[in-house]
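Tertiary structure, described
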Amino acid sequence: DAGITQSPRHKVTETGTPVTLRCHQTENHRYMYWYRQDPGHGLRLIHYSYGVKDTDKGEVSDGYSVSRSKTEDFLLTLESATSSQTSVYFCAIRTQGAGEQYFGPGTRLTVT
Amino acid sequence: KNEVEQSPQNLTAQEGEFITINCSYSVGISALHWLQQHPGGGIVSLFMLSSGKKKHGRLIATINIQEKHSSLHITASHPRDSAVYICAVIRGSQGNLIFGKGTKLSVKP
């Protein structure tokens, strides 16, 4: 499972509140990703990181920010959650060499 | 038009049948992933391939780079194969994935 954990696994929050999701990996992979999965849209890239303090935007980055202060942790923050951000969020890492991606177990976020 | 198209969207099969799921893409890629997601479950990488064919147990994946097409085959299908199968292409120097919308497979006993 590439040693990837996500926390929390489930969260319900109210519109307008800040939310931070955490992705933790144990194998020092350089690349980490945040995706969201929605019915009818499939998986879409929010942000990714290619090293400590090195991040870039993906396809659906509006309303989200990320931080990576250490190799093992990649944080996704919703500054002011909206109902449109209700989704399942997956973190992933990419291996060196072959570049295969492995996914965390997911976080189900509901914004009421 | 989506850059990665999968067909069919939904597939119902009887146990034991041979199953094929198709993936076509319209962009240049360095490789392609096939992923599996069980209901309510996580996402598991089945294959990553950039040419030819790979086999793992009853699963076979092929890719034709010139035709921009990949197929996932399941031989002797089983109810535990019921899941969503997702094709994702890898492009760009950062190795970002572009996903198809998935094929929902249901295998009946």
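The structure under discussion appears in the preceding block.
Described below are features of the structure shown in this document. Everything numeric in this text was worked out from a predicted model, so none of it was measured. (Residues numbered from 1 in each chain as written. Chains lettered and ligands numbered in written order. Predicted model: local features only at pLDDT ≥ 70, side-chain atom pairs only at ≥ 80, totals over all residues. Heavy atoms only, no water.)

1. Remarks on the interface of chain A and chain B
The partner chain B presents 18 residues to the 19 residues of chain A that form the contact. Carbon and sulfur atoms make up 56% of the surface buried where chain A meets chain B, a total of about 1500 Å² over both sides. Among the residues of chain A in contact with chain B, A:Leu43, A:Glu100 and A:Phe103 are the three that bury the most area, contributing 32% of the side total. Scanning the region where chain A abuts chain B turns up zero salt bridges. At the junction of chain A with chain B, the criterion picks out five residue pairs in polar contact (both at pLDDT 80 or more). Secondary structure elements with two or more residues in the side of chain A that touches chain B: β4 (31-38), β5 (42-51), β9 (87-94) and β10 (101-103) of chain A. (Contact = heavy atoms within 4.5 Å. Buried area = accessible area lost by both parts, 1.4 Å probe. Salt bridge = Lys/Arg side-chain N within 4 Å of Asp/Glu carboxyl O. Polar contact = N/O pair within 3.5 Å; in protein donor to acceptor, adjacent residues only side chain to side chain. Helix = DSSP H or I, 4+ residues; strand = E, 2+ residues; numbered from the N terminus.)

2. A few points about the state of the cysteines
On inspection of all chains with the given rule, the structure shows two disulfides over all chains. With a sulfur-sulfur separation of 1.8 Å, A:Cys23 is cross-linked through a disulfide to A:Cys91. Here the S-S torsion is close to -65°, and the disulfide linking A:Cys23 with A:Cys91 is therefore left-handed. On the criterion of sequence distance, the pair formed by A:Cys23 in strand β3 (residues 19-25) and A:Cys91 in strand β9 is long-range, its members being 68 residues apart. The side chain of B:Cys23 participates in a disulfide bridge whose partner is B:Cys87; the two sulfur atoms lie 1.9 Å from each other. (Disulfide = S-S within 2.5 Å.)

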